[in-house]
Amino acid sequence: MVAGLAFSLLFLTMVRPVAGLPLGGLILSFGLGLPLALRRVWPVQIFCLTLTVSIAAVVLGSVTFAYVAPAYALYVVALVDEKGVWVPTAAIAVLTLITVIGLVTMGGTPQDGAPTWLMDMDVPLVGVAALGGAWTVGRAVRERRLFAARDADRLAERAVTEERLRIARELHDVVTHSVGMIAVKAGVANHVLRTHPEEAHDALRVIETVSRSALVEMRQLLGVLRSADAPDRGPAPDLDGVWELAERARMAGVEVELDVRLHSGGDGRESGHGRPAGQRLPEGVELSVYRIVQEALTNVVKHAAPARCRVSVVANAREVRIEVTDDGPARRATPVTGIGHGLIGMRERVMTFGGVFEAGPVPSGGFRVSATLPYRGVS
């Protein structure tokens, strides 16, 4: 309504008396301005109405620049009308450009001696240029909005897919590691229950510890899935948990040698029992290192135990290198061709950082998992 009144007042400033119609200019001015208040409700109808009134105003010579109203209404039509796809917008844009060039040329032509019909063409040509320009701009804005909406949908779909894959990796890592450990120790307990009850007791203690830890992580993941709000998550697994992973693997019969070195300014520091003081990697990198070591040790426990295994985590200012090797059977139940979800998950984690992942048998015997994660600039 405010826009309609504003346009009506604008046209009143440009009104000229109409011969034989004392209130003709006033009626035409409000006929051009007031309907624009409903341009978004009935865009096509309002355009047709204002176009009719503007033609009458031009013929009667009562309102200057009467084409402004239908041009404004046509902009809204081009912006919201879905049926206008058949209209050749590119051709209209070219015609508008030619019309503007023609108006500029006419403006520089001397009026003396020029045909009367030629001099009277300026008003309709300006109207054509205004209408064509309004339609072209409206369709351009509409296409830009549609492109932005499609782009937002693609980003949202990609985010959903990435989150689903992330959750699938987390679930796989938690379930595979924990259930694998439980299965191995349950088999040990069942085998030695009568002959060596102390070993059976130790195995059951490992099962209890691993199952409780798995329940905690599963509850955290399920909380993320069930809550629409930002979940109150506990701290994500990080590099400090690698020592616990090594200890669990030892309980399952794998002799683990752990080597963790974090470099700062070129000076390497080695620790066998915990993180070097003051050393920390980006959170996402530490989680990926933890999960890769977890999955690699799980595979050793499932396919090679009892065996010897060496875990090496070496980081400098640009990247972290992970290597897990064992002396168990080189042939594994999970092939290296990418069918196993564990190897797929490790590869996906490494590819997220643009790193390099390798997994396969060692010529001298055993199996090797190697990953390099660049992290410069990762927060």
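Reading guide: rules and limits
Residues numbered from 1 in each chain as written. Predicted model: local features only at pLDDT ≥ 70, side-chain atom pairs only at ≥ 80, totals over all residues. Heavy atoms only, no water. UniProt positions renumbered as here; feature names shortened; annotations may be inferred. Helix = DSSP H or I, 4+ residues; strand = E, 2+ residues; numbered from the N terminus. Areas by Shrake-Rupley, 256 points an atom, 1.4 Å probe, with all protein chains shown as cover. Core = buried A, V, L, I, M, F, W, Y, C linked by side-chain atoms within 4.5 Å. Buried < 20%, exposed > 50% of the residue type's maximum accessible area, 1.4 Å probe, protein only. Contact = heavy atoms within 4.5 Å. Pairing = 2+ DSSP bridges. Axes fitted to C-alpha atoms, helices over the stretch in contact; angles between N-to-C directions. Parallel < 35°, antiparallel > 145°, perpendicular 65-115°, else oblique. Nonpolar A, V, L, I, M, F, W, Y, C, P; charged D, E, K, R; others polar. Salt bridge = Lys/Arg side-chain N within 4 Å of Asp/Glu carboxyl O. Expected span 1.5 Å × (residues − 1). Patch = residues over 30% accessible without salt bridge, like charges linked within 9 Å, V, L, I, M, F, W, Y side chains within 5 Å. Polar contact = N/O pair within 3.5 Å; in protein donor to acceptor, adjacent residues only side chain to side chain. Left-handed = near helix turned anticlockwise from the far one by under 90°.

Per an unreviewed UniProt entry, the recorded name for the protein is histidine kinase, and the organism is Nonomuraea indica. Note on the protein: under the UniProt heading Catalytic activity (unreviewed entry), the record states "ATP + protein L-histidine = ADP + protein N-phospho-L-histidine."

Caption draft 1: Looking closely at the overall build of the protein. The helix and strand inventory of the protein stands at 11 helices and six strands. Accessible surface, the protein as shown: approximately 21400 Å² in total, 62% of it carbon and sulfur.

Caption draft 2: Seen up close, the nonpolar core. One finds Val 293, Val 311, Val 313, Val 320 and Ile 322 to be the most contacted residues of the largest nonpolar core, which totals 45 residues. With nine residues, the top contributor of residues to this core is helix H10 (residues 283-303). Beyond its immediate sequence surroundings of up to four residues, Val 293 is in contact with Val 242, Leu 245, Val 311, Val 313 and Ile 322. With 14 residues, the next largest nonpolar core counts Leu 36, Ala 66, Val 77 and Trp 135 among its residues.

Caption draft 3: Molecular detail of the pairing of strand E6 (residues 367-374). With respect to burial, E6 is a largely interior element, six of its eight residues being buried. As defined by bridge partners, strand E4 (residues 319-326) adjoins E6 across eight bridges and the pair is classed as antiparallel. Across the sheet, the residue bridging to Thr 325 is Arg 368, located in E6. Where strand E5 (residues 356-361) folds back onto E6 in an antiparallel hairpin, the turn is made up of five residues, including Gly 365, whose phi is positive at roughly 115 degrees.

Caption draft 4: The arrangement of the packing of helix H9 (residues 242-251) against H10 in detail. Between H9 and H10, whose axes approach to 10 Å, the crossing angle comes to 5 degrees. With respect to each other, H9 and H10 are oriented roughly parallel. Every residue of H10 that contacts H9 at Val 242, Leu 245, Ala 246 and Ala 249 is listed here: Tyr 290, Val 293, Gln 294, Leu 297 and Val 301. Broken down by class, the residue content of the contact of H9 with H10 amounts to eight nonpolar, one polar and no charged.

Caption draft 5: Main features of H9. Here H9 has its buried residues at Val 242, Trp 243, Leu 245, Ala 246, Arg 248 and Ala 249. Where H9 ends, the next residue or the one after it, Gly 253, has phi of about 100 degrees, a positive value.

Caption draft 6: Focus on the environment of Ala 317. In this structure, Ala 317 sits in the loop between strand E3 (307-315) and E4. Sequence-wise, Ala 317 and Leu 281 are 36 residues apart; in three dimensions their C-alpha atoms are separated by 9.3 Å. In this structure Ala 317 touches Tyr 375 and Arg 376, once residues within four positions along its chain are discounted.

Caption draft 7: Fine view of the environment of Ile 344. For Ile 344, the location among the structural elements is in helix H11 (residues 341-352). According to the relative accessible area criterion, Ile 344 is partly exposed, its value standing at 29%. C-alpha separation for the pair Ile 344 and Arg 169, spaced 175 residues apart in sequence, amounts to 9.0 Å.

Caption draft 8: Up close: the pattern of salt bridges. If you walk through the whole model with that rule in mind, you get 10 salt bridges. In this structure, Asp 259 engages Arg 310 in a salt bridge whose closest nitrogen and oxygen atoms are separated by 3.2 Å. Taken together, the residues span a long stretch of sequence, with Asp 259 in strand E1 (residues 254-264) and Arg 310 in strand E3 at a distance of 51 residues. Take Arg 310: its relative accessible area is 31%, and that puts it in the partly exposed class. The salt bridge partner of Arg 368 is Glu 323, with a shortest N-O separation of 3.0 Å.

Caption draft 9: Structural detail: helix H3 (residues 43-60). The end-to-end C-alpha separation of H3 is 26 Å, in line with the 26 Å expected for 18 residues at 1.5 Å each. Once H3 finishes, Gly 61 follows within two positions and takes phi at roughly 65 degrees, a positive value.

Caption draft 10: A look at a nonpolar patch on the surface. There is a patch of nonpolar side chains on the surface, built from Leu 38, Val 41 and Trp 42 and spanning about 290 Å² of accessible area. Counting through the fold element by element, Val 41 comes out in the loop between helix H2 (24-33) and H3. Overall, Val 41 belongs to the exposed group, its relative accessible area being 52%.

Caption draft 11: Summary view of the side chain of Thr 50. You can see Thr 50 is positioned in helix H3. Engagement of the side chain of Thr 50 in a polar contact is seen with the backbone oxygen of Phe 47, the distance being 3.0 Å. In this structure, Thr 50 is in contact with Gly 31, Leu 32, Pro 35, Leu 36, Ala 69, Pro 70 and Ala 73, ignoring residues within four places of it in sequence.

Caption draft 12: The packing of H3 against helix H4 (residues 68-80), seen in detail. Close contact between H3 and H4 brings their axes to 8 Å; oriented N to C, the two are set at 160 degrees. With respect to H4, the element H3 is oriented roughly antiparallel. Considering the relative orientation of H3 and H4, their crossing is left-handed. When H3 is examined against H4, the residues Pro 43, Val 44, Ile 46, Phe 47, Thr 50, Leu 51 and Ser 54 are found in contact with a partner set consisting of Ala 69, Pro 70, Ala 73, Leu 74, Val 76, Val 77 and Val 80.

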